[in-house]
Amino acid sequence: MSIVFEKRKSVSRAALFAVPAVSFLVSLALTGIVLLIFGTDPITTFAAMFAGAFGSAHGFSETLVKAIPLMLTGLGVALAFKLKFWNIGAEGQLVLGGIAASWVALFLGAAIPPALLLPACILAGCAGGALWASVPALLKTRLKVDESLVTLMLNYVAILFAEFLYYGPWRDPKGYGFPGSAPFPDAAWLPKIFGRAHIGLYFALGLAILLWIILKRTRWGFELSIIGASPKAARYQGISVGGNIVLAVLLSGALSGLAGACEVTGISHRLQQGLNLGYGFTAIIIAWMSQLNPLAIPFVALLMGGILVGGDQVQLMMGLPSSMGVVMQGLILFPMLAGSLFTEYRIRKTKRTPKAACVEGEA
Amino acid sequence: MDLVSSILAITVRAGTSLIFATVGEIFTERAGIQNLGIEGIMLMGAVASFATSFYTQNLALALAVAVAVGMAMAAVHAFLTVTMRANQVVCGLSMTLFGTGFSSFLGQRLGPAANNFRLMGLKAAKFSPVKIEGLADVPVLSALAGQDILTYAVYLLIPLSWLYLYKTRPGLWLRSVGEDPQTADAMGIGVLKTKYLYTILGGGMMALGGAHLSLSYTPGWSENITGGRGWIVVALVIFSMWNPARAVWGALLFGGINAVQFRLQASGTNIPAAFLNMLPYLGTIAVLVLMTWWEALSKKIGAPAALGVPYMREDK
């Protein structure tokens with residue numbers, strides 16, 4: 001008797017919801033075991049994490065501060081992944097967006113009327129992210145160069161370029177040697193909602209709904225889904241595959257660039273160290289856990305932001321390493337990845353020997 | 001020691017961890033599996049070996065623990081990508097995320113109570129240079145000969161892994177699995193077994209690279225001790241065109257960039273450092289473009305054709 005995987009005709013709906021939920025529980029259990037090994041009570045720790053992330057106005061605003069860039073980059077990654085374009089460069093696109101927004105805020109402040117400075121920063125951020133994503137998009141569609149490696153490499157180029165700017169030419173002469181640019185003029189500050197949470201939240205929520213509508217309710221979204229499922233079929237339908245991929249990837253980069261623009265105009269108000277906090281990598285987990293559904297992304301991003309803030313909180317309160325949050329995030333994905341098999345395949349026990357199955361497969 | 005020899009000595013020292021991990025990833029990718037968890041596995045290897053060395057002062061045991069940890073992580077990667085057919089890119093990235101977080105966690109929990117359970121700032125047994133008599137005065141060779149045991153091991157690893165890959169029967173089987181798993185399967189090679197075996201072996205080598213960092217190159221534990229070396233390795237594998245012998249040049253080049261940077265920073269400028277650091281990443285993109293642009297070249301230099309494609313007998 002042996003076990004055989006059969007491809008499902010359609011993706012299992014039940015598994016689609018159950019797999020992320022079960023994965024979260026498994027990661028809680030695994031983290032709990034780690035905590036127990038080191039002599040810490042997991043229940044108290046998880047309760048403290050939850051209270052720290054969602055239990056107070058301050059904690060919740062910090063959770064939102066992390067969730068906003070996670071939502072935007074998560075949306076960007078999900079859009080590219082829909083087309084099976086493995087954009088793992090959200091981190092670099094975010095950084096380039098931050099650089100472009102900073103450039104406008106720092107050097108065009110005098111030329112642009114104050115009321116338009118902030119919109120100009122935001123648009124520049126989107127353009128910066130899109131520009132950075134255009135490189136792998138064009139290389140992929142024109143020359144068939146593997147996009148996952150190009151986007152990965154460009155992350156580090158962007159991060160190093162930002163370092164060069166704030167250590168070098170953009171460094172604040174009045175900054176006492178602190179690695180960072182001069183602060184932005186007030187007109188380039190993103191308004192706050194409460195605490196440190198800024199109106200980037202509205203952008204993220206609005207864009208999540210917009211992206212869902214585009215993907216599910218428009219002709220273009222339908223074309224994208226055909227391209228994602230089978231580029232060959234799309235070509236037979238007369239859909240321009242390359243052009244649509246470039247367009248979607250530019251949008252994907254623009255979403256991450258927007259995240260970077262929001263970080264510099266909403267949080268740091270200057271270009272400085274700490275722009276690349278790994279949001280672009282966590283975004284991949286978020287997109288995957290959300291099964292690439294734009295409406296699920298804000299909720300998953302909120303959960304992930306909460307885990308990070310909760311990790312910081314247990315460090316302050318219980319002296320536990322804050323990296324616990326990152327460990328938990330990593331642990332969520334393993335059961336997720338294992339579980340995705342069940343959404344696409346049905347497992348069946350057969351009486352055939354593997355050899356017989358192989359012969360049949362050859363026929 | 002003259003200037004050239006001293007730069008070469010630093011270059012070789014900096015290149016050791018890179019070569020261990022690069023050869024590990026070459027074996028993994030030759031079996032058709034891409035493991036982007038290198039950075040995480042190297043970090044876990046570094047923290048595990050340092051903690052073992054601190055408590056036991058036994059360097060052999062420290063290396064063994066690192067290898068075991070690396071193999072265990074790679075085994076999870078193999079299980080998820082081979083058996084469960086998970087997306088290799090996403091799985092590797094989560095391995096790195098997990099390794100980065102967990103190594104940092106362990107670094108703050110495995111230490112002695114006297115040091116607030118931290119491993120930072122502690123001293124442990126480390127590998128020291130072993131001089132080879134008679135070579136100490138020869139100009140270039142003195143730089144190669146004044147290294148630690150792990151670097152000497154790399155001198156052996158490069159030709160041996162090249163021989164294994166290109167001149168032995170198991171090496172041929174391995175390459176055929178990465179090129180054309182269907183044919184390999186038909187020939188009776190255990191495709192899934194091969195993928196597991198070399199992914200796990202590769203993980204052990206990546207962890208050794210991490211151990212070299214915490215036990216020799218920069219002795220001690222600090223968070224993110226790898227400083228992005230795991231990603232440079234991804235670049236190096238492409239640069240070396242999946243050939244362990246060519247990995248030397250790439251590793252020396254990037255080790256050299258490291259060494260030159262030391263000099264530049266010592267002389268007070270660090271602006272060009274950012275651009276020097278970009279070179280490996282930009283160079284990799286250039287190689288990727290050339291490789292795909294000229295596909296005949298790609299076949300000649302041997303990118304495994306079935307890299308990243310899960311192997312399924314049933315799907316036809």
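Residues numbered from 1 in each chain as written. Chains lettered and ligands numbered in written order. Predicted model: local features only at pLDDT ≥ 70, side-chain atom pairs only at ≥ 80, totals over all residues. Heavy atoms only, no water.

## Looking at the overall build of chain B
Put simply, the rule reads: Counting from the N terminus, the helices are the DSSP runs of H or I reaching at least four residues and the strands are the DSSP runs of E reaching at least two. This radius of gyration counts C-alpha atoms alone. The globule rule is 2.2 Å times how many residues there are, raised to the power 0.38. Exposed residues in this analysis have more than 50% of their type's maximum accessible area, buried residues have under 20%, and partly exposed residues fall in between, with area computed by a 1.4 Å probe over protein chains only. Here a residue-residue contact requires only that any non-hydrogen atoms of the pair lie within 4.5 Å.
Within chain B one finds 13 helices and 0 strands. Listing each helix as α and each strand as β along chain B from the N terminus yields α-α-α-α-α-α-α-α-α-α-α-α-α. Relative to the globule expectation of 20 Å for 316 residues, the C-alpha radius of gyration of chain B, 20 Å, shows essentially globular dimensions. In terms of overall dimensions, chain B has a C-alpha envelope of 60 × 45 × 40 Å along the principal axes. Counting the 316 residues in chain B, one finds 57% classified as buried. In chain B, 75% of the contacts between residues at least 6 apart in sequence involve partners at least 24 apart.

## Overview of helix 1 (residues 13-37) of chain A
The cut-off we apply is this: Multiplying 1.5 Å by the residue count of a helix minus one yields the expected span of that helix.
The terminal C-alpha atoms of helix 1 of chain A lie 37 Å apart, and with 25 residues this matches the ideal 36 Å at 1.5 Å per residue to within 8%. Looking at helix 1 of chain A, one finds that the buried residues are A:Ala15, A:Val19, A:Pro20, A:Ser23, A:Ser27, A:Thr31, A:Gly32, A:Val34 and A:Leu35. Of the surrounding elements, those touching the buried residues of helix 1 of chain A are helix 2 (42-54), helix 11 (279-289) and helix 13 (324-344) of chain A together with helix 4 (88-107) of chain B. Immediately downstream of helix 1 of chain A, the backbone of A:Gly39 shows phi near 75 degrees, a positive value.

## With respect to the packing of helix 5 (residues 114-143) of chain A against helix 6 (residues 147-167) of chain A
Residue and element names in this part refer to chain A. Going by this rule: With axes taken as lines fitted to C-alpha atoms, and helix axes fitted only over the stretch in contact, angles between N-to-C directions fall between 0 and 180 degrees. Orientation is classified from the angle alone, with under 35 degrees giving roughly parallel, over 145 giving roughly antiparallel, 65 to 115 giving roughly perpendicular, and any other angle giving oblique. By convention the crossing between two helices is left-handed if the near helix lies anticlockwise of the far one by an angle smaller than a right angle, and right-handed if it lies clockwise.
Running from N to C, helix 5 and helix 6 point in directions that differ by 155 degrees, and their axes come no closer than 10 Å. Of the possible angle classes, the one that applies to helix 5 and helix 6 is roughly antiparallel. For the pair helix 5 and helix 6, the crossing hand works out as right-handed. In contact with Trp132, Val135, Pro136, Leu139 and Lys140 of helix 5, helix 6 contributes Glu147, Val150, Thr151, Leu154, Val157 and Ala158.

## What to know about unusual backbone geometry
In the Ramachandran plot, A:Lys144 falls in the positive-phi region, its phi being about 60 degrees despite a non-glycine side chain. Along the chain, A:Lys144 turns up in the loop between helix 5 and helix 6. A:Lys144 gets classed as exposed once you look at its relative accessible area, which sits at 69%. At B:Trp242, a position not held by glycine, the phi torsion is positive, near 60 degrees. Along the chain, the position of B:Trp242 falls in the loop between helix 10 (229-239) and helix 11 (244-266). For B:Trp242, a relative accessible area of 4% gives the class buried.

## Focus: the pattern of salt bridges
All names here are of chain A. Where we set the bar: A carboxyl oxygen of Asp or Glu within 4 Å of a side-chain nitrogen of Lys or Arg is what we treat as a salt bridge.
Considering all chains together, one arrives at 3 salt bridges over all chains under this definition. When the shortest N-O distance is used, the salt bridge between Glu147 and Lys140 registers 3.0 Å. Since its relative accessible area comes to 2%, Glu147 is described here as buried. With a closest N to O distance of 3.4 Å, Glu223 and Arg219 form a salt bridge. In this pair, Glu223 and Arg219 both sit in helix 8 (residues 219-229), 4 residues apart, roughly one turn of the helix. Relative accessible area serves as the criterion here: at 15%, Glu223 is assigned to the buried category.

## So, the confidence of the model for chain A
A low pLDDT means the predicted coordinates there should not be read in detail. Heads up, the rule is: One number per residue, pLDDT, summarises how confident the predictor is, and it ranges from 0 to 100.
For chain A, mean pLDDT is 89; residues scoring 70 or higher make up 93% of the total. Contacts of residues 354-363 of chain A to residues separated by more than four positions or lying in other chains number 7 contacts, the stretch itself having pLDDT below 50.

## Digging into the side chain of A:Asn87
Following the sequence through the fold, A:Asn87 ends up in the loop between helix 3 (57-82) and helix 4 (90-107). In this structure, A:Asn87 is in contact with A:Val77, A:Ala80, A:Phe81, A:Gln93, A:Thr151 and A:Ser252, ignoring residues within four places of it in sequence.

## Observations regarding the interface of chain B and chain A
Let me state the cut-off plainly: Buried area: the sum, over both parts, of the accessible surface (1.4 Å probe) that disappears when the two are put together. Side-chain atoms alone can form a polar contact between residues adjacent in sequence; in general such a contact is a pair of N or O atoms within 3.5 Å, and within protein one must be able to donate a hydrogen while the other accepts it.
In this assembly, 46 residues from chain B lie in contact with 49 residues from chain A. Regarding the contact of chain B and chain A, the summed buried area is about 4400 Å², with carbon and sulfur atoms giving 80% of it. Our enumeration of links across chain B and chain A arrives at 0 salt bridges. The tally of links between chain B and chain A comes to 4 residue pairs in polar contact (both at pLDDT 80 or more). At the level of elements, helix 3 (59-83), helix 4, helix 10 and helix 12 (271-293) of chain B are the ones that each hand at least two residues to the side of chain B that touches chain A.

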